[in-house]
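Next come the chains, spelled out residue by residue.
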Amino acid sequence: MTKLLLRALAGETLPVPPIWMMRQAGRYLPEYRATRAQAGDFLSLCYNPDLAAEVTLQPIRRFGFDAAILFADILLVPQALGADLWFVTGEGPRLSTVTTADEVARLKPADQIHDRLAPVYETVRILARELPRDTALIGFAGAPWTVATYMVAGRGTPDQGPAHALKDRDRAAFTALIDRITEATILYLSAQIEAGAEVVKLFDSWAGSLKGQDFDDFAIAPARRIIAAMKERHPHVPIIAFPREAGERYIGFARATGADCVALDNSVGADWAARHVQADGCVQGNLDPRHMVTGGPDLVAEAQRITRAFRGGPHIFNLGHGITPDADPENVALMIKAVRGA
Ligand SMILES: Cc1c2[nH]c(c1CCC(=O)O)Cc1[nH]c(c(CCC(=O)O)c1C)Cc1[nH]c(c(CCC(=O)O)c1C)Cc1[nH]c(c(C)c1CCC(=O)O)C2
């Protein structure tokens, strides 16, 4: 029997949707915090294949999710392209910045990323061996726009202002940056698939800040290019695209990019998305991650409402964004029970 996640991605309408959670390996789990302490810090954990595989498996053991997502980070690609990367505890990522055509040109060629990323491929190989037979393995990368917002600003920003400024001031340099990330992403995802990833997901967390033609040029076009290259190299590997906060632009996104599934954030209504997005194929989402903190009957009611809203077509149950460190693991168990018993 094929894995539930792969059946949903192939377009099958299932009586009970497969379920997994963004950031399911993370700080809300005491066993994650212990393994991270053993690794020393977050990046050392990402580059330690045994420990990265261990934290990937922890939520599978505890909750029995239908999918595991490789433990790594979208910012490993900029680092492999030559940017300095470090994490400031309690604040988030910091990178050396790329803000001129010269600095873009000085990044490493895309085909030189593999030395740095080899430990990630090893993590995938370990997982492909060790996961339970019913659990699908998801690889991932950041989408070029989202990765570029961190490379230009050197950190996370509330409005992606620095990347918008570069795009508006020097569109050629910005486009060259997007192209370099796009090429690296194709090679990175292909290597993950060759190591054993069965599905890949593109995280465009800041897609919502692109408006009008910019959304077409920097959210749709790079995703379409990556997906076309992946379909040529690995035609049977499904691809999930997550253009977070795309709003109305979720409509037609799967057709425009070739994605097999569109992941929805929790700012769109499930009934609306069932009508306008699921009509084109599989969707993933979209419970507000706040419910993992607050729990109770509201959590159960919302999880069941979403499950029922998407019941008429292919659906993967997930949160609308990552689970937060203040979440209670008991609420995760409650969510799974609500969805599987809905
Ligand atoms: C924007 C982005 C990043 N990383 C990622 C995104 C896109 C998705 C999203 O919007 O959340 C994606 C990501 N990051 C991580 C994964 C692993 C797989 C998963 O469990 O989903 C994935 C898929 C681990 C992580 N990546 C990070 C953590 C927490 C680090 C820690 O243990 O201290 C984890 C588990 C750190 C990280 N990494 C990043 C930031 C901004 C931060 C700091 C914020 C935070 O602390 O939550 C960049």
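Residues numbered from 1 in each chain as written. Predicted model: local features only at pLDDT ≥ 70, side-chain atom pairs only at ≥ 80, totals over all residues. Heavy atoms only, no water.

Right, let's talk about the site of the ligand for a bit. Lining the immediate environment of the ligand, one finds 22 residues, of which Arg27, Tyr32, Asp73, Ser205 and His321 sit closest. Between an oxygen atom of the ligand and a main-chain N or O atom of Gln24, the distance comes to 3.4 Å. In this structure, Asp73 approaches the ligand through a side-chain N or O atom, which is 2.7 Å from a nitrogen atom. About the coverage of the ligand: the protein hides 87% of its 860 Å² of free accessible area. (Near = heavy atom within 4 Å. Polar contact = N/O pair within 3.5 Å; in protein donor to acceptor, adjacent residues only side chain to side chain. Areas by Shrake-Rupley, 256 points an atom, 1.4 Å probe, with all protein chains shown as cover.)

Below, the discussion takes up the pattern of salt bridges. Taken as a whole and assessed by the stated rule, the structure comprises 18 salt bridges. A salt bridge links Asp260 to Lys231, with the shortest nitrogen-to-oxygen separation between them at 2.7 Å. Residue Asp260 is found in the loop between helix H12 (253–257) and strand E7 (261–263), and its partner Lys231 is found in helix H11 (residues 213–233); the two are separated by 29 residues along the sequence. Look at Asp260 and you get partly exposed, because its relative accessible area is 25%. For Lys231, a relative accessible area of 24% gives the class partly exposed. Between Asp280 and Arg255 there is a salt bridge; the shortest N-O distance is 2.9 Å. (Salt bridge = Lys/Arg side-chain N within 4 Å of Asp/Glu carboxyl O. Helix = DSSP H or I, 4+ residues; strand = E, 2+ residues; numbered from the N terminus. Buried < 20%, exposed > 50% of the residue type's maximum accessible area, 1.4 Å probe, protein only.)

Burial within strand E5 (residues 199–204) is extensive, with six of its six residues counted as buried. Neither face of E5 is open: one carries Val199, Lys201 and Phe203, the other Val200, Leu202 and Asp204, and all of them are buried. As defined by bridge partners, strand E4 (residues 136–142) adjoins E5 across five bridges and the pair is classed as parallel. Bridging from a neighbouring strand, Ala141 pairs with Leu202 of E5. (Pairing = 2+ DSSP bridges.)

Take the nonpolar core next. In summary, soluble globular proteins display a tendency toward joint burial of nonpolar side chains. Counting 132 residues, the largest nonpolar core has Met292, Val332 and Met335 as its most contacted members. With 11 residues, the top contributor of residues to this core is helix H10 (residues 171–195). For Met292, the residues in contact, after removing those within four places along its chain, are Met21, Leu287, Leu299, Leu319, Ile323, Ala327, Asp328, Asn331, Val332 and Met335. (Core = buried A, V, L, I, M, F, W, Y, C linked by side-chain atoms within 4.5 Å. Contact = heavy atoms within 4.5 Å.)

What follows covers the UniProt feature "domain: Uroporphyrinogen decarboxylase (URO-D)" (unreviewed entry) in the protein. UniProt's feature table lists "domain: Uroporphyrinogen decarboxylase (URO-D)" (unreviewed entry) at residues 18–27 and 138–154, given in the numbering used throughout. Strand forms 29% of residues 138–154 and helix 59%; the C-alpha atoms that close the span are 27 Å apart. (UniProt positions renumbered as here; feature names shortened; annotations may be inferred.)

Below, the discussion takes up the packing of aromatic side chains. Using the criterion set out here, one finds 10 aromatic pairs in the structure. Ring centres 6.2 Å apart and planes at 45° place the aromatic pair Tyr121 and Tyr188 in the tilted group. With Tyr121 in helix H7 (residues 114–130) and Tyr188 in helix H10, this pair connects stretches of sequence that are 67 residues apart. Accessibility expressed as a relative area gives 8% for Tyr121, which makes it buried. The ring centre of Phe242 lies 4.8 Å from the NZ or CZ of Lys201, which sits over that ring. (Phe/Tyr/Trp six-rings, centres within 6.5 Å; stacked < 30°, edge-to-face > 60°. Lys NZ or Arg CZ within 6 Å of the ring centre and 35° of its normal.)

Pairing is parallel in the open sheet, where seven strands are placed in the order E1-E4-E5-E6-E7-E8-E9. A single partner strand is all that each edge strand has here, and the edge strands are strand E1 (67–69) and strand E9 (315–319). Each strand axis lies, on average, 25° off the axis of its neighbour in the sheet, ignoring direction. Pairing of E1 with E4, which is carried by three bridges, proceeds in the parallel orientation. Within E4, the position partnered with Ala68 by the bridge is Leu137. (Axes fitted to C-alpha atoms, helices over the stretch in contact; angles between N-to-C directions.)

As for its position among the elements, Gly295 is in the loop between helix H14 (291–294) and helix H15 (296–309). Judged by its relative accessible area of 6%, Gly295 is buried. For the pair Gly295 and Leu81, spaced 214 residues apart in sequence, the C-alpha separation works out to 41 Å.

So, about the pairing of strand E2 (residues 85–88). Note on strand geometry: in a regular strand, side chains alternate between the two faces of the sheet. Across four bridges, E2 lies against strand E3 (residues 92–95) in antiparallel orientation. Bridged to Phe87 within E3 is Pro93.

Below, the discussion takes up helix H9 (residues 161–169). Those residues of H9 that sit buried are Ala163, His164, Leu166 and Lys167. The buried residues of H9 occupy an angular sector of 165° when the element is viewed end-on, so they sit on one face. Residues of H9 that are exposed and angled more than 90 degrees away from the buried face: Asp168 and Arg169. Of the surrounding elements, those touching the buried residues of H9 are helix H8 (144–153), H10 and H11. (Arc of directions from axis to C-beta.)

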